[in-house]
Amino acid sequence: MKIAFSPCPNDTFVFHAWVHGLVPGAPKLDVTYADIDITNGLATRPDGPEVLKISYAALPWVLSEYALLPCGGALGRGCGPLVLTKGATADPAVLSGRRVAVPSERSTAYLLFRLWAAQNVPGGVGEIVVMPFHQIMPAVRDGLIDAGLVIHEARFTYPSYGLTLLADLGNWWETDTGLPIPLGAIIARRTLDLDAIAGWTRASVEYAWAHPEASQEYVMCHAQELAPEVAKAHIDLYVNKFTADLGEDGYAAVTGLLDRAAREGLVPEVDLAALRY
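## Structural notes on the overall build of the protein chain
Helices and strands together make up the secondary structure of the protein chain, namely 11 helices and 11 strands. The C-alpha atoms of the protein chain give 18 Å as radius of gyration, which agrees with the globular expectation for 277 residues (19 Å, within 12%). Considering only C-alpha atoms, the protein chain reaches an extent of 55 × 40 × 35 Å along its principal axes. Out of the 277 residues belonging to the protein chain, those deemed buried represent 55%. Within the protein chain, counting contacts between residues at least 6 apart in sequence, those at least 24 apart form 81% of the total. About 11500 Å² of surface is accessible on the protein chain, with carbon and sulfur atoms providing 51% of the total. Averaged over its 20 positive side-chain charges, the protein chain has a centre that lies 3 Å from the centre of its 31 negative ones.

Now the structure itself:
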């Protein structure tokens, strides 16, 4: 079975057991490790993998072919994307007409940014530049970009680049809605046995929690030179109760985000009932 997910610690931690044949009955996986912008694109291709990790913001474009699994993804509180600048200002108006780097135009981070900017940046931002997430902070530090929208472990490492937090979009979303932040979704082709795939995914998550030391070598091999303590903090933040099961709060967060974004004309309108296969 072909699967695509990022090399980030939360994804490798979640799927370690399945990748290594430790989930009883689960098929062997052929893994593609790719940045979220690439996996979002793979999900739109007829020959895309059977299972993928994509942004929740990309769901409206793929729900006809793929179903959202109720486990394995990244959704939570206190884990949202950050807007970073090189200066010391905390005034969002500084972004008016400026160049901002984002990790994907169909990322949840960018969707939250657009909703936030519509309320907080007079006249709107200027040029949006898409680049791999690990290149964004150096680009802001070096003055190639005025501001950067960052995700993943950047939450823990941005001070080392001399950057300033302009906005925590997770805090903004949670304050505005009371809901957790839906970041990354696990999807599978609707033609497959979705209950079985969800079961194998959940079993892989549970194995990871029961044997955290087992995945360390695999996680660090793909962690793009992260320090072990940063990788652990990343996992502790992004692999949580919603990874085991979205539950009612999780589904409310996803429907809330996509419904609001559709009303703002930022994503296609979807049948929200289709989010539950």
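## Focus: the pattern of salt bridges
Scanning the model with the defined rule gives 12 salt bridges in all. A salt bridge links R155 to D168; its shortest N-O distance comes to 3.3 Å. One end of the pair, R155, is in helix α5 (residues 154-157); the other, D168, is in strand β10 (residues 164-168), with 13 residues separating them in the sequence. On the accessibility criterion, R155 (19% relative accessible area) is buried. Of the residues examined, D168 reaches a relative accessible area of 15% and is grouped as buried. One salt bridge connects K232 with D236, and the closest N-O pair in it is separated by 2.8 Å. Within this pair, K232 and its partner D236 are both found in helix α9 (residues 228-238), separated by four residues, close to a single helical turn. D236 sits in the partly exposed class, given a relative accessible area of 49%.

## A word on the packing of helix α1 (residues 9-19) against helix α7 (residues 194-210)
Put simply, α1 and α7 touch, their axes get as near as 7 Å, and they point 110 degrees apart. Our classification of the angle between α1 and α7 gives roughly perpendicular. Contact residues: α1 offers F13, V14, F15, H16, A17 and W18, while α7 offers I197, W200, T201, S204, V205, Y207, A208 and W209. Partitioning the contact of α1 with α7 into residue classes produces 11 nonpolar, three polar and no charged.

## A look at the sheet that holds strand β7 (residues 100-102)
Strand order across the open sheet formed by five strands is β8-β7-β9-β6-β10, with mixed pairing between neighbours. Edge positions in the open sheet fall to β8 (128-130) and β10, since each of these has one partner strand only. Neighbour-to-neighbour, the strand axes of this sheet turn through a mean angle of 25 degrees, independent of strand direction. In this sheet, β8 lies alongside β7 in parallel orientation, the contact comprising three bridges. Residue pairing for β8: V102 is matched across the bridge by V130. Against the sheet, helix α4 (residues 133-141) touches β6 (82-85), β7 and β9 (147-150), its axis set at about 160 degrees to β9. Most of the contacts of helix α6 (residues 169-177) go to β10, to which it runs at about 25 degrees, and overall it touches β6, β9 and β10.

## Things to note about the packing of aromatic side chains
Counted according to the given criterion, the structure contains six aromatic pairs. An angle of 20 degrees between the planes, with centres 6.4 Å apart, marks the rings of Y110 and F113 as stacked. Of this pair, Y110 and F113 both sit in helix α3 (residues 108-120), three residues apart, roughly one helical turn. Comparing Y110 with F113, the two get one shared label, buried. Measuring from ring centre to ring centre gives 5.9 Å for F113 and W116, while their planes differ by 35 degrees; the resulting arrangement is tilted. With F113 and W116 both in helix α3 and three residues apart, the pair spans about one turn of that helix. The exposure class assigned to W116 is buried, which follows from its relative accessible area of 4%. Through pairs of rings, three or more aromatic residues link up here, namely F5, F15, W18, Y33 and W200. The side chain of R106 reaches across the aromatic face of W61, ending 3.9 Å from its centre. The aromatic ring of Y251 is capped on one face by R276, whose charged end is 4.0 Å from the ring centroid.

## Concerning the nonpolar core
Formed by 34 residues in total, the largest nonpolar core has its most connected members in V83, L95, F113, W116, L149 and L169. Put simply, the parts of the chain that give this core at least two residues each are β7, α3, β9, β10, α6, β11 (181-189), α9 and α11 (247-263). Broken down by element, the residue count for this core peaks at eight residues, all from α3. Counting residues in each nonpolar core, the second largest holds 25 residues, with F15, C71, L194 and A208 among its members.

Definitions and limits used
Residues numbered from 1 in each chain as written. Predicted model: local features only at pLDDT ≥ 70, side-chain atom pairs only at ≥ 80, totals over all residues. Heavy atoms only, no water. Helix = DSSP H or I, 4+ residues; strand = E, 2+ residues; numbered from the N terminus. Rg over C-alpha atoms; globule rule 2.2 N^0.38 Å. Buried < 20%, exposed > 50% of the residue type's maximum accessible area, 1.4 Å probe, protein only. Contact = heavy atoms within 4.5 Å. Areas by Shrake-Rupley, 256 points an atom, 1.4 Å probe, with all protein chains shown as cover. Lys, Arg positive; Asp, Glu negative; His and termini not counted. Charge placed at Lys NZ, Arg CZ, Asp CG, Glu CD. Salt bridge = Lys/Arg side-chain N within 4 Å of Asp/Glu carboxyl O. Axes fitted to C-alpha atoms, helices over the stretch in contact; angles between N-to-C directions. Parallel < 35°, antiparallel > 145°, perpendicular 65-115°, else oblique. Nonpolar A, V, L, I, M, F, W, Y, C, P; charged D, E, K, R; others polar. Pairing = 2+ DSSP bridges. Phe/Tyr/Trp six-rings, centres within 6.5 Å; stacked < 30°, edge-to-face > 60°. Lys NZ or Arg CZ within 6 Å of the ring centre and 35° of its normal. Core = buried A, V, L, I, M, F, W, Y, C linked by side-chain atoms within 4.5 Å.

As far as function goes, none of this settles anything; it's purely spatial.
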